[in-house]
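Structure assessment
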Amino acid sequence: MDNPVAQSQEGLLTESLEASIQEPLMAADHSTVNFQAPQPQIPNDNTEDNSTDTTASEASLKRSQPHDGPSESWQAVDNRSSKKAKKEKKIPAPTSTNYPSINFNHNAKLQSKITLDSLRSLILYIFAEGVAPQWVAISQRPQFRKIVAIMVPGLEEAMFKQDVDFATYNDTPLDLEQRPRVLTSPDDYYPRLLKKDELPQILKGFADMFPHLWPVKTPGNEKYGTIRSPLYTMLTAPGEKTKEEKSQKGIQPAKEPKGWKDVRTRITEFLIMPEDFESNGYVLHPACVPAERRKTFQDPEGWIHTNVENFDDGDVPEEEIQQGSVTAGREVLALDCEMCMTGPEEFSLTRISLVTWDGTVTLDELVKPDKPIIDYVTRFSGITEQMLAPVTTTLRDIQAKLLEILQPHTILIGHSLDADLKALRLTHPFIVDTAIVYPHHRGAPLKNSLKFLTQRFLKREIQKGVGGHDSIEDAKACLDLVKQKCEKGKLWGNHEAQGENIFRRLTRTGKAYRANGGVEAKGGVHVGKTSAMIDWGDPMRGAGAASTFPIGCKSDEEVTEGVLRALKGDPVAEEIPFGGVDFIFARFRELEAFQGWWNQHSDLPPPDLTGMSLEGCVHNLAQRIQRIHDSLPPCTGFIVFSGSGDPREMARLQAMQAQFKKEYNVPGNNWDDLSVKWTDREDQALRKAVGIARNGIGFIGVK
């Protein structure tokens, strides 16, 4: 006979599960509800069952009839848990004290303007880990659901003046002295309160979205006439340091970033391209010159060039390259020279060393300069008068040897090798420069020293003591640095390796709290924060490749639609899940193009804005930002920033300086023959132009 109790128990469990599944998965307040299959209740009495049926008597629940039948000793028990499942907290009302906010900290004593690093750190503090910013007060951090950051190059502080005339805005030439477009003084680090009646008509909506206009400083260096990429700065988080690393002093050994994977790369990938020779201070080899100019090409007086006809002559047929070889069938020689002073600002060759790929010293000779030495600079060169006394080898002797050694398949390695080749008065088309493949973290024209690179990446000391440099030791250090670069890949030792992509950081260390991650997130748990990068062109070609959903666009309108899509998700979650992503970064570029700020070296051509006025462009921008703001869900952080100030004068002077260096570095050129002359006057103008380019603005609010 079938066991009616067992049937009843099974039916009850099935009905309970079906009821659980059929109930809505989301509560009315859209908070997640955790459902659990109810467990059957087992009676807790010891009543003896006198049934003679063995099947029933062996059952775990001893009863003779279903619970819906009449019985004196049994009763129906509601098997649902008496303890209700905890629900996720509701989104607080905007007037509630639990609503998140980002407010200017009036107790903060700002010593400088906030920077793009400050904005990035704010995002990471809210969504991941980091030190709480002191310049703003953040309340109810766990309640933040999303963060949207929009970069708008071309947006300037002067556009927010009440009496601004957009029709004549760009008619007045930029004055480096008066700074007419910067309302705040250089010492005014505090935000400006946005008042609707003090803004132009088309920008009044900003006062409803944001409480303040913040002056924001772009990273750069007036002394060296450069600024760092605002986009790179925002999207690259500094590497995390352990407590032990923070306590250590001096140069720290390089560490592989989280998730790092070695990518073996051929040495030919690090060769300086012909078009980059002059900008890096190298004298051109005939093989780097277009074919039509080679017929009239002449080496500077006293110079020689290696026997290479065409740049392609260095290529080795693929079938002749050993599989997995990083040298690509090429002969690799590391070169280092030592020089002594033979005149004011004049250095002459006194020692040359060549080391092969396997570390064998193939050439190491002292050289006697043609001119008398006025300073041996022994503390750097390691050369003394006694060492050179018996030497008869001349520069011409060394040049003749090098012409025999250096063949079309030879690659020269060195650190700032342009200086060594100038001392040798020799050109060669195949160069790998460790000062270029391991760039300075603040960008050109700054360069890392070989001593620093060797300490950081090779964990060894060179150039120790007062005896001067050893050219063999330096050449081997360059060789080992290039070997490490080939083994680890192009990203090793560059800016990306020094930091971490912000999308990758949020995926790896993003935090959820009980307010937005359910009851299990009490105190904050690590979860992967989803992200979207919406930009012109293909975001996959840059930092956007690390975002969860990179979205390419061809106009600001497409960028707007991309942001709205990332906020809400796809209708049936075709790609972006319903509810959208946690962090969105986007860039509007039409104002940038209209203002003439578009980078001319960009792979992407600027848009055609024929017939557009500045007022129309700004109006369209304001409307798009308003649309995005209106679509933001509650508890969303919203950041809009320009990235930089006006870079046009800086770019003009930088191009002028580059042309001057290109002509000045050609041996034999006289000052009067230069088409561009760079004096202290131009240098001071560049510094001021960089200062203007570094003055950006930003807006921070919470919807």
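As the structure is a computational prediction, the values presented were derived from the model and not from experiment. The numbers attached to residues start from 1 for each chain and follow its sequence in the written order. Only residues with pLDDT of at least 70 get local features here, since the model is predicted, and only at 80 or more are side-chain atom pairs given and counted; chain-wide, interface and lining totals rely on the full set of residues. Values shown for side chains rest on all heavy atoms present in the structure; no hydrogens or waters enter the calculation.

**Examining a negative patch on the surface**
A patch consists of residues exposed above 30% relative accessible area that lack any salt bridge, with like charges linked at up to 9 Å and nonpolar side chains (Val, Leu, Ile, Met, Phe, Trp, Tyr) linked at up to 5 Å. Only the protein chains shown count as cover for residues, with accessible areas throughout obtained via the Shrake-Rupley method and a probe of 1.4 Å. Between Lys or Arg on one side and Asp or Glu on the other, a salt bridge is scored when a side-chain nitrogen of the former is within 4 Å of a carboxyl oxygen of the latter. His residues and chain termini do not enter the charge count, which takes Lys and Arg as positive and Asp and Glu as negative. The atoms used to mark charge sites are NZ of Lys, CZ of Arg, CG of Asp and CD of Glu. Together, Glu 309, Asp 312, Asp 313 and Asp 315 make up a negatively charged patch on the protein surface. Only runs of H or I of at least four residues qualify as helices and only runs of E of at least two qualify as strands under DSSP, and these elements are numbered from the N terminus. Mapped onto the elements, Asp 313 comes out in the loop between β10 (304-305) and β11 (331-343).

**Structural notes on the side chain of Glu 365**
Tracing the chain through its elements places Glu 365 in strand β13 (residues 361-366). Only heavy atoms enter the contact rule, under which two residues are in contact if any of them lie within 4.5 Å. Among residues more than four places away in sequence, those in contact with Glu 365 are Thr 350, Arg 351, Ile 352, Thr 393, Ile 398 and Lys 401.

**Let's talk about the pairing of strand β14 (residues 410-414)**
Here the term buried applies to any residue with accessible area under 20% of the maximum for its type, exposed to any over 50%, and partly exposed to those in between, with areas from a 1.4 Å probe on protein chains only. Burial within β14 is extensive, with 5 of its 5 residues counted as buried. On β14, burial covers both faces: Thr 410, Leu 412 and Gly 414 on one face and Ile 411 and Ile 413 on the other are all buried. Two strands are counted as paired when DSSP detects at least two bridges linking them. The pairing of β11 with β14 spans 4 bridges and is parallel. Residue pairing in the sheet places Ala 334 in a bridge with Ile 413 of β14. Inspection of the sheet shows β14 paired to strand β16 (residues 431-433) by 3 bridges, in the parallel sense. Across the sheet, residue Leu 412 finds its bridge partner in β16, namely Ile 431.

**Quick look at the confidence of the model for the protein**
Predicted confidence across the protein gives a mean pLDDT of 82, with 79% of residues reaching 70 or more. Confidence of the predictor in every single residue is expressed as pLDDT, which spans 0 to 100. For the stretch residues 1-72, pLDDT sits under 50, and the model shows 54 contacts to residues farther than four places along the chain or on other chains. This model gives residues 519-523 a pLDDT under 50, and the stretch forms 10 contacts once residues within four places in sequence are excluded.

**So, helix α20 (residues 614-631)**
In an α-helix, one turn spans 3.6 residues, which is why side chains three or four residues apart end up on the same side. In this analysis, the expected span of each helix is defined as 1.5 Å times one less than the number of residues it contains. Between the first and last C-alpha of α20 there are 26 Å, a value that for 18 residues agrees with the 26 Å anticipated at 1.5 Å per step. Elements that come into contact with the buried residues of α20 comprise β4 (146-151), α4 (205-209), α18 (556-568), α19 (590-595) and β23 (636-641).

**Section: the layout of surface pockets**
Reported here for the second largest pocket is a volume of approximately 1,600 Å³. For the lining of the second largest pocket, the secondary structure elements donating two or more residues are β11, β12 (346-356), α8 (378-381), α11 (417-424) and α13 (450-458). With 5 residues, the top contributor of residues to the lining of the second largest pocket is β11. Throughout this entry, Asp, Glu, Lys and Arg are counted as charged residues, while Ala, Val, Leu, Ile, Met, Phe, Trp, Tyr, Cys and Pro are counted as nonpolar. The remaining residues, Gly among them, count as polar. When grouped by side-chain class, the residues that make up the lining of the second largest pocket number 20 nonpolar, 13 polar and 13 charged. A 1.4 Å probe that fits into a set of points on a 1 Å grid over the protein atoms alone but cannot get out defines a cavity; an open set with protein on both sides within 12 Å along at least five of seven lines defines a pocket, and lining residues are those with an atom within 4 Å of a point. Grid points are joined across faces, edges and corners, and a volume is the space filled by probe spheres set on the points.

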